[in-house]
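Spelled out from the first residue to the last, the chains are:
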Amino acid sequence: MIAPRSASGLVPALLAVLALGSLSACGSGHSVSAYCSRMKTDQSIFADDGTGLELVTNLSKLKQLANAAPSDIGADWQTFLGSIEVLDDAVRKAGVAPKDFVDGKPPAGLDATKRAAIAAAADQLSSDNVVSAASDIEQEAKDVCQLDLGL
């Protein structure tokens, strides 16, 4: 028969479990401090000229941040990334690259249909749900990491 634990032995064990839980409040078991450190290191990838093309260029880093993000903003990250992926797909299908755009303008000679598809995809970045998701990501960065992303 296993002897019951005394209350004094249970308290330290409970405190240890609670401390571990607070350190892994992010998705995939990442710590908040690791997420904040990564956000600080990659803070410049959020700079964009309003077209979303710089975000497309940094899509892989944004995905890494999303994977390390606290679970309470996971859906926001997916919404935000989803809109960038749509723009990335439109740019790729048009056979151009983000660097081909100058001052947000598509390269000369780009087919009107492809140009319209890229513009429609870029417009999604300013939709209410994407703006709300970006705002939530920004607020989390301010509250938890003390960073201003400028989204």
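From a predicted model like this one, the values you see are computed outputs, not experimental measurements. Position numbers for residues start from 1 in each chain and track the written sequence from start to end. Residues qualify for local features only when their pLDDT is at least 70, as the model is predicted, and side-chain atom pairs are given and counted only at 80 or more; totals for whole chains, interfaces and linings, by contrast, use all residues. Side-chain metrics in this entry use all non-hydrogen atoms of the structure; hydrogen atoms and water are not considered.

(A) Up close: helix α7 (residues 128–145). Strands are runs of DSSP state E lasting at least two residues, helices are runs of H or I lasting at least four, and both sets are numbered from the N terminus onward. How far a helix is expected to stretch is found by multiplying one less than its residue total by 1.5 Å. Here α7 is 18 residues long and its end C-alpha atoms lie 25 Å apart, about the 26 Å a rise of 1.5 Å per residue gives. Each residue is placed in one exposure class: buried if its accessible area under a 1.4 Å probe, protein chains only, is under 20% of its type's maximum, exposed if it is over 50%, and partly exposed if it falls in between. Along α7, the residues classified as buried are Val130, Ala133, Ala134, Ile137, Glu138, Glu140, Ala141 and Cys145. Projected onto a plane normal to the axis of α7, the buried residues spread over an arc of 155° and lie on a single side. Positive phi appears at glutamine 146, one or two residues downstream of α7, with a value of about 55°. The directions considered for the arc run from the helix axis to the C-beta atoms.

(B) Just the environment of threonine 57, in detail. Counting through the fold element by element, threonine 57 comes out in helix α3 (residues 53–57). Using a relative accessible area of 49% as the deciding quantity, one classes threonine 57 as partly exposed. Sequence separation between threonine 57 and proline 98 is 41 residues; the distance between their C-alpha atoms is 6.8 Å.

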